[in-house]
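A structural walkthrough
Listed below, chain by chain, are the residues.
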Amino acid sequence: MATKKDLVIFRGDSFNRTLKFTNSSGKAIDISNWTIYFTIKFGYQMGIDNDSDAVIKKVYPISNGTSGTLVISLTEDETLKMEPHNYKYDIKVKRPGGIVNTILYGNFLVIESVTKEY
């Protein structure tokens with residue numbers, strides 16, 4: 001089951017979120033050979049909205065994932081290119097055997113930063 005979590009960032013800031021994959025007893029799941037997709041779009045438009053229209057699209061192929069941990073990140077330059085807006089995002093995983101699941105989704109709110117010089 002996917003978890004809804006809204007995220008808020010300031011335009012021009014770095015963004016890092018650690019994803020930790022664990023089983024029901026809290027032990028790390030080996031995510032080796034998984035692929036993780038992080039996509040941000042203006043919104044959902046059934047039948048119109050393609051991944052090629054994404055504002056941000058990142059793909060993380062995992063070769064050694066025995067720790068069950070992955071950091072999803074955006075650079076200052078990437079977030080600076082994003083206009084202030086309430087975007088939509090999701091994170092999907094594709095496991096060996098072709099199993100695909102959305103694990104996280106929600107609003108991705110980009111707010112204009114007050115400070116411009118840094």
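Placed above this text is the structure.
The following refers to the structure shown.

Cut-offs used in this document
- Residues numbered from 1 in each chain as written.
- Predicted model: local features only at pLDDT ≥ 70, side-chain atom pairs only at ≥ 80, totals over all residues.
- Heavy atoms only, no water.
- Buried < 20%, exposed > 50% of the residue type's maximum accessible area, 1.4 Å probe, protein only.
- Helix = DSSP H or I, 4+ residues; strand = E, 2+ residues; numbered from the N terminus.
- Pairing = 2+ DSSP bridges.

1. A short note on the pairing of strand S4 (residues 35-41)
In terms of burial, S4 is largely enclosed, as 6 of its 7 residues are buried. Note that S4 and strand S5 (residues 56-61) share 6 bridges and pair antiparallel. Across the sheet, residue Ile40 finds its bridge partner in S5, namely Ile56. Relative to strand S7 (residues 85-95), S4 runs antiparallel, the two being bridged by 7 bridges. Across the sheet, Thr35 pairs through a bridge with Lys94, a residue of S7.

2. A short note on unusual backbone geometry
Of note in this structure, Asn33 is not a glycine but carries a positive phi near 70 degrees. When you line up the elements, Asn33 lands in the loop between strand S3 (15-20) and S4. Judged by relative accessible area, Asn33 falls into the exposed class, the value being 58%.

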